[in-house]
Amino acid sequence: MRRYPAFDPPEYLDWTPDPELIVSYRRRIEQDSRRRAAIESLAHGDLLSLYRDLLRTRLHDIGLKRWVKTGVISKAWLGTGEEAVTVGTVGALDRELDVVCPMIRNAGALHMMGVPLADLFRGYLATPDSLSGGRDLHIGDLGRNVLQPISHMGTNAQVMAGVALSFSNREEPRVALTFIGDGATRTAAFHEGANLAAVLGLPVIFVVQDNQVALGTRRDQHGRGDPGELGAAYGIPTWTADGNHLLDTWAAARLAAEHCRSGAGPAMVVARTFRMGGHATHDEREARTTFDPTLFAHWGRRDPIGLYEAWLLDEGVTPDALETIEGEVTSEMDEAADEALASRNGPKTFNTPPNVDPNRFGWTSSLAIRPI
């Protein structure tokens, strides 16, 4: 993937695959027979589709950072370095049936669920035709099975337990999935949601995105214990994953989804990763002075896109094929950003947000998502 000196973390600029990490990447796939079997079921096109979504997720963040640097927006909440958690887990779902509630850093979940890329940018611009009608940059689209992010992130667990309860009551083979940061696992709302899901046996996946930091506080400062053991407190089966290893995360989420869909109750996926920046673009420099440089160096070698590219090349995918996909995605992103800017410069009349129009969602149709 092309690197951008003005936007990428410095550790990514001259990135080359570490031979030891490439060996361990493959070994992690091979050491678990169930995960290996799941990954082997992926067709060639599926593998490239996941790559495309990784690029979209990274380039969306780069587009936002470009806007910050050029004064279009004041700041943005980015997930650079964490893309494999979003793409791996959402990619493991049935996106026609299942429902996702992302955090703001999981913006890739929206385009993976079918939300147009331009709508992701419109959310930041608060345009009249944005999914929130210009009211909030936390956007979702129930018509595409995406609940908008909730700032109090532990609350996602309660909300999505309620969504999963509706699936259970209607005996539908659907799964609800939400992301919880390591900081939010220390909130009462998370534990209440996890307990409710466990007691009622609800089909919900809690993805604990263990990115080592809660806003600006290191995990060893804001809590104790191993996040991988959280599920055990409620009898929730847990799959741990290398959050920078796309296929390991995908396989963990696929097994968790199969568990939920079988009627066996909730599941948890704990993905360890790291955010290669600050809480938002405004404090990236502060993050670099707050955290040990070796932390950035350690995770910088583990760029999830670079590692997946190296694996694809080792599997026989040609560099030309990857470059073609990158060129297509880059063009898509540029066109989406331009389309969003055109909305900002258009009429200023704010309309009813499209995501509360019942006709759009087809509430009366048995084929569309029903009230949840």
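For the structure itself, look to the data block above.
The sections below set out a description of the structure shown in this document. The structure displayed is predicted, hence computed values, not measured ones.

### Some words on the pairing of strand S7 (residues 267-272)
The element S7 is extensively covered by neighbouring structure, given that 5 of its 6 residues are classed as buried. With 6 bridges joining them, strand S3 (residues 204-210) and S7 adopt parallel strand pairing. Its bridge partner being in S7, Asp 210 is matched across the sheet by Arg 272.

### Looking at the nonpolar core
If you look at soluble globular proteins, the nonpolar side chains tend to sit buried side by side. Grouped together as the largest cluster of nonpolar side chains are 90 residues, with contacts concentrated most on Ile 205, Tyr 308 and Leu 312. If we ignore the near neighbours within four places in the chain, the residues touching Tyr 308 are Tyr 25, Leu 47, Leu 50, Tyr 51, Leu 54, Leu 246 and Leu 247. With 23 residues, the next largest nonpolar core counts Val 99, Val 204, Phe 206 and Val 270 among its residues.

### Topic: unusual backbone geometry
If you check the backbone angles, Ala 126 has positive phi at about 55° while not being a glycine. Its place among the elements puts Ala 126 in the loop between helix H7 (117-125) and helix H8 (155-169). Judged by its relative accessible area of 30%, Ala 126 falls in the partly exposed class. Here Asn 145, not a glycine, exhibits a phi torsion of approximately 65°, which is positive.

Reading the values: the criteria
Counting of residues starts from 1 at the beginning of each chain's written sequence and follows it residue by residue. Only residues with pLDDT of at least 70 get local features here, since the model is predicted, and only at 80 or more are side-chain atom pairs given and counted; chain-wide, interface and lining totals rely on the full set of residues. To obtain the side-chain values, all non-hydrogen atoms of the structure were included, while hydrogens and water were left out. Burial here depends on accessible area, computed with a 1.4 Å probe over protein chains only, as a share of the maximum for the residue type. Under 20% is buried, over 50% is exposed, and the range in between is partly exposed. By the criteria applied, helices consist of DSSP H or I runs no shorter than four residues and strands consist of E runs no shorter than two, each listed in order from the N terminus. Strand pairing is defined by DSSP finding a minimum of two bridges between the two strands. Residues belong to one nonpolar core when they are buried, are Ala, Val, Leu, Ile, Met, Phe, Trp, Tyr or Cys, and are joined through side-chain atoms within 4.5 Å. Contacts are assigned to residue pairs that have any heavy atoms within 4.5 Å of one another.

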